[in-house]
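What follows is the residue order along each chain.
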Amino acid sequence: MQDVFDVVHRQRACRSFGDEPVDDDTVGKVLDAATFAPSAETRQPWVFVVVRDAERRSAIGALTRQAWEGGGRAHSEGRLSPGLLAEVETGAQGGVAGAPVLVVVCGDTRLGDRRVLEASVFPAIQNLLLAATALGLGSSLTTLPLVFGADLATIVALPGEVLPMAVVPLGWPARPLSPPRRLPLAEKAHRETFGTPW
């Protein structure tokens with residue numbers, strides 16, 4: 001059993017995937033972990049649509065690419081280092097769609113207030129990402145396709161009460177992932193009041 005802190009320190013975005021399939025048992029383990037996240041009033045408003053079909057994955061990839069080319073790249077230029085920008089562009093231009101599994105993560109408005117639904121759904125996504133890392137899978141979280149949320153909802157046949165909130169590609173990484181780079185805790189944590197060093 002892996003130490004939870006080891007998994008947390010290894011979890012990072014993967015945007016380039018190999019061709020090997022991911023079996024249902026493995027995907028099921030990842031989704032099961034997601035369902036153990038906390039949620040407001042324990043209503044569990046998350047919905048996961050697992051997309052394996054190549055045509056649907058390609059359509060979701062096209063939305064991702066369109067959002068990137070339609071403003072995502074311009075927003076990120078100058079904000080991201082050249083290396084990270086290139087990595088994100090690779091994902092947006094086809095890496096996401098190249099994953100053998102896309103999980104469209106949604107929120108059911110019948111089980112949570114639409115205004116704060118993300119507060120219940122995103123902890124489930126974090127559990128999903130951590131479980132994927134623990135199993136050796138690559139994953140990432142993208143909201144680029146949500147620029148065309150109605151189209152994304154149509155691709156996976158969502159009812160009107162269920163809103164798409166993110167897309168998580170899952171697959172075996174095309175190359176080993178290095179640990180994520182993070183700022184020192186001392187730059188992000190304060191003691192008692194803002195500005196008092198941790």
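Conventions used here
Residues numbered from 1 in each chain as written. Predicted model: local features only at pLDDT ≥ 70, side-chain atom pairs only at ≥ 80, totals over all residues. Heavy atoms only, no water. Patch = residues over 30% accessible without salt bridge, like charges linked within 9 Å, V, L, I, M, F, W, Y side chains within 5 Å. Areas by Shrake-Rupley, 256 points an atom, 1.4 Å probe, with all protein chains shown as cover. Salt bridge = Lys/Arg side-chain N within 4 Å of Asp/Glu carboxyl O. Helix = DSSP H or I, 4+ residues; strand = E, 2+ residues; numbered from the N terminus. Axes fitted to C-alpha atoms, helices over the stretch in contact; angles between N-to-C directions. Left-handed = near helix turned anticlockwise from the far one by under 90°. Contact = heavy atoms within 4.5 Å. Nonpolar A, V, L, I, M, F, W, Y, C, P; charged D, E, K, R; others polar. Buried < 20%, exposed > 50% of the residue type's maximum accessible area, 1.4 Å probe, protein only. Pairing = 2+ DSSP bridges. Polar contact = N/O pair within 3.5 Å; in protein donor to acceptor, adjacent residues only side chain to side chain. Arc of directions from axis to C-beta.

## A few points about a nonpolar patch on the surface
And then number 1: Taken together, the side chains of Val4, Phe5 and Val8 define a hydrophobic patch exposed on the protein surface, amounting to about 290 Å² of accessible area.
And then number 2: Secondary-structure assignment places Val4 in helix H1 (residues 4-10).

## Some remarks on the pattern of salt bridges
And then number 1: The final tally for this structure, using the stated rule, is ten salt bridges.
And then number 2: A salt bridge links Glu87 to Arg15, with the shortest nitrogen-to-oxygen separation between them at 2.9 Å. Of this pair, Glu87 sits in helix H4 (residues 82-95) while Arg15 sits in the loop between H1 and helix H2 (24-34), and the two are 72 residues apart along the sequence.
And then number 3: Asp24 is the partner of Arg52 in a salt bridge, and the nearest nitrogen-oxygen pair spans 2.6 Å. With a gap of 28 residues between them, Arg52 in the loop between strand E1 (46-51) and helix H3 (54-76) and Asp24 in helix H2 connect regions that are remote in the sequence.
And then number 4: A single network of salt bridges, built from pairs that share partners, joins Arg12, Arg15 and Glu87.

## Let's talk about the packing of H2 against helix H5 (residues 118-134)
And then number 1: The N-to-C vectors of H2 and H5 enclose an angle of 140°; their axes lie 7 Å apart at closest approach. As for how H2 packs across H5, the hand of that crossing is right-handed. Of the residues in H5, those touching H2 at Val30, Leu31, Ala33 and Ala34 are Ala124, Asn127, Leu128, Ala131 and Ala132.
And then number 2: For the contact of H2 with H5, a count of residues per class yields eight nonpolar, one polar and no charged.

## Let's talk about the environment of Phe122
And then number 1: Locating Phe122 in the fold gives a position in helix H5.
And then number 2: Each C-alpha atom of the pair Phe122 and Gly71 lies 24 Å from the other, and the pair is 51 residues apart in sequence.
And then number 3: Sequence-distant contacts of Phe122, that is, excluding residues within four places in its chain, are made with Leu141 and Met165.

## What about unusual backbone geometry?
And then number 1: In this model, Ala157 sits at a positive phi of 55°, which is unusual for a non-glycine residue.
And then number 2: Residue position: Ala157 is located in the loop between helix H6 (149-155) and strand E4 (162-171).
And then number 3: A positive phi is found at Glu192, a non-glycine position, where the angle reads about 70°.
And then number 4: The residue Glu192 is located in the segment after E4 in this model.
And then number 5: With relative accessibility at 79%, the residue Glu192 sits in the exposed group.

## With respect to the sheet that holds strand E3 (residues 138-139)
And then number 1: Taken together, the four strands give an open sheet; going across it, the order is E1-E2-E4-E3, and neighbouring strands pair in antiparallel fashion. The sheet is open, and its two borders are formed by E1 and E3, each paired with just one other strand.
And then number 2: Alignment of E1 against strand E2 (residues 101-108), held across six bridges, turns out to be antiparallel. Residue pairing across strands places Trp46 opposite Gly107, the latter belonging to E2.
And then number 3: Sheet strands in contact with H3 are E1, E2 and E4, and its direction is about 70° off that of E2.
And then number 4: Running at roughly 10° to E4, H5 makes contact with E1, E2, E3 and E4 of the sheet.

## Topic: the side chain of Ser120
And then number 1: For Ser120, the position within the fold is in helix H5.
And then number 2: A polar side-chain atom of Ser120 sits 2.9 Å from the main-chain amide nitrogen of Ala40.
And then number 3: Apart from the residues within four sequence positions on either side, Ser120 is in contact with Pro38, Ser39, Ala40, Pro45 and Trp46.

## Considering H2
And then number 1: The set of residues buried in H2 consists of Thr26, Val27, Val30, Leu31 and Ala34. The buried residues of H2 occupy an angular sector of 135° when the element is viewed end-on, so they sit on one face. Summarising the geometry of H2, the exposed residues directed more than 90 degrees from the buried face are Asp24 and Asp25.

## A few points about the side chain of Thr142
And then number 1: With respect to the secondary-structure elements, Thr142 resides in the loop between E3 and H6.
And then number 2: Classification of Thr142 as buried rests on a relative accessible area of 10%.
And then number 3: Of note is the side chain of Thr142, whose polar atom sits 3.2 Å from the backbone nitrogen of Leu144.
And then number 4: Every residue in contact with Thr142, bar those within four places of it in the chain, is listed here: Ala166 and Val167.

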